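Residue-level structure breakdown
One letter stands for each residue in the lines below.
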Amino acid sequence: MNDLTGAGPARTRAFLGAGLVLVSCLSVQASAALASTLFDRLGAPAVAGLRQLCAALVLMVLVRPRVRGHTRQEWAGMVVYGAAMAVMNVAYYGAVGHLPLGVAATLLFLGPFVVAVASARTWREALLPAVGLVGVVLVTEPGGTVAWAGIAFGLLSALALACYTVFAQRVGRASSGLEGLAVSVGISAMLLLPFSLPAAPSANGSDWGLVAVSGIVGVALAFTLDFRAVKMAGARVVATLFSLDPLMGALIGALALALAESLSAPVLVGMGLIVSAGAAATWRAERLPVSPMPSSTDRS
């Protein structure tokens, strides 16, 4: 995998990265459906914290990251990356608690939308995330009464997702393998302890099972795929591809309820726009910068 993230034709790496983002989006949406069943009893912030804690434990055991030997700049990147994870989870759940899901999902995508536009080198590259944004609006069908608290949570989640996207690339360049990701998820879990620890005694055996599956699939696996995808395709392409997230949510919701035939024409058009924007961004990927990957001998 390291060979793919550090070398090879740019377009090949972009397509591989796109595949990882697609699986990541499916993982996030499927795990969110599981986690949401615990919101009423434990609270959304507590569930987010417990998921991060389970994911951190899994990654720490599998990756066994070193704690010593990192520079101040590397620690700063991992702390910001971990903080972005924590804020993104809590803020998005807060937005969903006050807003229709479509509005919350659209606000969340504003984060990677800004990243993609800001890093675009031509107007054509900037046009693609804009097309994706239009598709997100059509797919999620935002509407209903809007609460200002929900808007604030939604914008905060968008800012956190933008930081998450940018710092995934920075931490990936500075660390070997998944070491930086594992440390960052651990930092995120620690930041969410004020939410997770009080709720832990209230969770029963089945609750812990759902939390564990949700954390492994929706955090450990999904964040690992995102981390690898950013290394392969770069932050701009991945930010555009994040528009697949609400599309996957809409599809999973329709399939779970056996209502695939109820997808409206605007939703279908939005899906087409999202897929087209993501495919075009991937296909147009030019020569991507290759960051040197440390060899196994660089680890202490």
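Before reading further, recall that the structure is shown in the block above.
In what follows, the accompanying structure is described. (Residues numbered from 1 in each chain as written. Predicted model: local features only at pLDDT ≥ 70, side-chain atom pairs only at ≥ 80, totals over all residues. Heavy atoms only, no water.)

**Considerations on the overall build of the protein chain**
The following threshold applies: For helices the rule is a DSSP run of H or I covering at least 4 residues; for strands it is a run of E covering at least 2, with both sets numbered from the N terminus onward. Contacts are assigned to residue pairs with any non-hydrogen atoms lying within 4.5 Å of each other. Accessible surface area values rest on a Shrake-Rupley calculation with a 1.4 Å probe, where residue burial reflects the displayed protein chains alone.
Per the secondary structure count, the protein chain includes 14 helices and zero strands. Secondary structure elements of the protein chain, listed N to C terminal, follow the sequence α-α-α-α-α-α-α-α-α-α-α-α-α-α. The long-range fraction of contacts in the protein chain, counting pairs at least 24 apart against all pairs at least 6 apart in sequence, stands at 89%. Total accessible area on the protein chain is roughly 13,400 Å²; 70% of this is exposed by carbon and sulfur atoms.

**A few points about the pattern of salt bridges**
Any two side chains of opposite charge can pair, on the condition that their charged atoms come close. This is how the line gets drawn: By convention in these notes, a salt bridge is any Lys or Arg side-chain nitrogen within 4 Å of a carboxyl oxygen on Asp or Glu. Each residue's exposure class comes from its accessible area (1.4 Å probe, protein chains only) as a fraction of the maximum for that residue type: buried when under 20%, exposed when over 50%, partly exposed otherwise.
Across all of its chains, the model carries two salt bridges by this definition. Where Asp207 meets Arg41, a salt bridge forms, and the shortest distance between an N and an O atom there is 1.9 Å. Remark: Arg41 occurs in helix α3 (residues 39-42) and Asp207 occurs in helix α11 (residues 205-233); sequence separation between them is 166 residues. Relative accessible area serves as the criterion here: at 4%, Asp207 is assigned to the buried category. In this structure, Glu179 engages Arg66 in a salt bridge whose closest nitrogen and oxygen atoms are separated by 3.2 Å. Of this pair, Glu179 sits in helix α9 (residues 179-191) while Arg66 sits in the loop between α4 (44-63) and α5 (72-98), and the two are 113 residues apart along the sequence.

**Remarks on a nonpolar patch on the surface**
Inclusion rule: Nonpolar side chains (Val, Leu, Ile, Met, Phe, Trp, Tyr) within 5 Å and like charges within 9 Å form the patches, drawn only from residues with over 30% relative accessible area and no salt bridge.
Among the surface-exposed residues, Val87, Leu156 and Leu159 lie close enough to one another that they form a single nonpolar patch of about 240 Å² accessible area. Mapped onto the elements, Leu156 comes out in helix α8 (residues 148-174).

**Let's talk about α4**
Cut-off, in case you're wondering: What a helix should span is 1.5 Å times the count of its residues minus one.
Its 20 residues place the ends of α4 28 Å apart at the C-alpha level, agreeing with the 28 Å of an ideal helix rising 1.5 Å per residue. One or two residues past the end of α4 sits Arg64, with phi positive at roughly 50°.

**Some thoughts on the environment of His70**
Here His70 shows up in the loop between α4 and α5. The contacts of His70, once residues within four sequence positions are left out, are Trp75, Met78 and Glu179.

**A short note on unusual backbone geometry**
Although it is not a glycine, Arg64 sits at a positive phi angle of roughly 50°. Classification of Arg64 by relative accessible area gives exposed; the value is 66%.

**Some details on the packing of α8 against α11**
Geometrically, a packed helix pair is captured by the angle between its two axes and the distance between the axes. Here is the rule we go by: Note on geometry: axes are lines fitted to C-alpha atoms, helical ones only across the stretch in contact, with angles between N-to-C directions running from 0 to 180 degrees. Note that the term roughly parallel is reserved for angles under 35 degrees, roughly antiparallel for angles over 145, roughly perpendicular for angles of 65 to 115, and oblique for everything else. In this classification, the charged set is Asp, Glu, Lys and Arg, the nonpolar set is Ala, Val, Leu, Ile, Met, Phe, Trp, Tyr, Cys and Pro, and all remaining amino acids, among them Gly, are polar.
Where α8 contacts α11, the axes come no closer than 9 Å and their chain directions differ by 70°. When the interaxial angle is binned, α8 and α11 end up roughly perpendicular. Of the residues in α11, those in contact with Tyr164, Thr165, Ala168, Gln169, Val171 and Gly172 of α8 are Phe223, Asp226, Phe227, Val230 and Lys231. For the contact of α8 with α11, the class distribution of residues is six nonpolar, three polar and two charged.

**Here we look at the side chain of Ser184**
Here is the rule: Whenever a nitrogen or oxygen atom comes within 3.5 Å of another N or O atom, the pair is scored as a polar contact, on the condition that within protein one atom can donate a hydrogen and the other can accept it, and that pairs from neighbouring residues in sequence are kept only if both atoms are in side chains.
Assignment of secondary structure puts Ser184 in helix α9. Residue Ser184 is classed as buried on the basis of its relative accessible area of 0%. A distance of 3.3 Å separates a polar atom in the side chain of Ser184 from the backbone oxygen of Met78. Those residues in contact with Ser184, other than ones at most four positions away along the chain, are Met78, Tyr81, Gly82, Met85 and Val171.

**Topic: the packing of aromatic side chains**
Selection criterion: Pairing of aromatic rings covers Phe, Tyr and the six-membered ring of Trp, with a centre-to-centre limit of 6.5 Å; geometry is then stacked below 30 degrees between planes, edge-to-face above 60, and tilted otherwise.
Across all of its chains, the model carries three aromatic pairs by this definition. Measuring from ring centre to ring centre gives 5.5 Å for Tyr81 and Tyr164, while their planes differ by 40°; the resulting arrangement is tilted. A residue pair is termed long-range when its members are at least 10 positions apart, and Tyr81 in helix α5 and Tyr164 in helix α8 qualify at 83 residues. Like Tyr81, the residue Tyr164 is buried in the burial classification. Relative to Phe227, the ring of Tyr81 has its centre 6.3 Å away and its plane inclined at 20°; by these criteria the two rings are stacked. With Tyr81 in helix α5 and Phe227 in helix α11, this residue pair connects regions lying 146 residues apart in the sequence. Note on accessibility: Tyr81 and Phe227 belong to one class, buried.

Keep in mind these values describe shape, not function.
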